[in-house]
Amino acid sequence: MEALALDFDAVLGDTRPLWRAWVEDVRRRARVEVELPEDPVAAAGVLDGAVGNWRALLERFAEEHAPVHLRPSAEVNAALRRLSADGVRLGAFTDAPEPLARVAAAQLGVARRLEALEAGPGAEERLLERLGPGARVVRSPAELTG
């Protein structure tokens, strides 16, 4: 049985604009005066020390704002349905924090098609380990639909 590891942000939907919007919002609301790196993985470490409940705040913000930043792709969703029906195991990975990745997958309509969703540091490696040897990494919609 074939397995595909999808680069979430490149194939399914780019979570980075939603992440950046949340960072701006949390800076304003929580009055966070620390400099946050662009990279979500590095920023998570800084946020752990500055805003203890940042994951819950991120999840709530993502639920409210995901429709503005993430639009499902009919072509990608059709390909996922076809692959799933053919018995292909599907997983996705992203460096975005888990609450954001989970909300984004639901918003994009892909959550039920994914056997696994790995987020945060080392997500790609963890997903490939879960999917097993021979899993192929897909880094563009064209690779998925073509």
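Above this text is the structure in question.
On a predicted model such as this, the values are computed, not experimentally measured, just so you know. (Residues numbered from 1 in each chain as written. Predicted model: local features only at pLDDT ≥ 70, side-chain atom pairs only at ≥ 80, totals over all residues. Heavy atoms only, no water.)

A. Looking closely at the pairing of strand S3 (residues 116-119). As paired strands, strand S2 (residues 89-94) and S3 are joined by four bridges and run parallel to one another. Looking across to S3, one finds that Thr94 is bridged to Ala119. Once the chain exits S2 it traverses helix H6 (residues 98-107) before rejoining the sheet at S3, and the crossover so formed is right-handed. (Pairing = 2+ DSSP bridges. Helix = DSSP H or I, 4+ residues; strand = E, 2+ residues; numbered from the N terminus. Right-handed = clockwise from strand over helix to strand, strands pointing away.)

B. Broad picture of the packing of helix H4 (residues 54-69) against H6. Running from amino to carboxyl end, H4 crosses H6 at an angle of 20°, the nearest separation of the two axes being 8 Å. Classified by the angle their axes make, H4 and H6 are roughly parallel. Taken as a pair, H4 and H6 cross one another with a handedness that is right-handed. Between H4 and H6, the contacting residues are Arg55, Leu58, Glu59, Ala62, Glu63, Ala66 and Pro67 on the first element and Pro99, Leu100, Arg102, Val103 and Gln107 on the second. Counted by class, the contact of H4 with H6 contains seven nonpolar, one polar and four charged residues. (Axes fitted to C-alpha atoms, helices over the stretch in contact; angles between N-to-C directions. Parallel < 35°, antiparallel > 145°, perpendicular 65-115°, else oblique. Left-handed = near helix turned anticlockwise from the far one by under 90°. Contact = heavy atoms within 4.5 Å. Nonpolar A, V, L, I, M, F, W, Y, C, P; charged D, E, K, R; others polar.)

C. Structural view of the pairing of strand S1 (residues 3-7). Extensive coverage of S1 is indicated by the burial of five of its five residues. Side chains Ala3, Ala5 and Asp7 of S1 all project onto a buried face; the interleaved residues Leu4 and Leu6 project onto the opposite face, where all are buried too. Across five bridges, the pairing between S1 and S2 is parallel. Bridge assignment links Ala5 to a residue of S2, and that residue is Gly91. Sheet topology note: the S1/strand S4 (residues 136-138) ladder contains three bridges and is parallel. Among the inter-strand pairings, Leu6 is bridged to a residue of S4, identified as Val138. (Buried < 20%, exposed > 50% of the residue type's maximum accessible area, 1.4 Å probe, protein only.)

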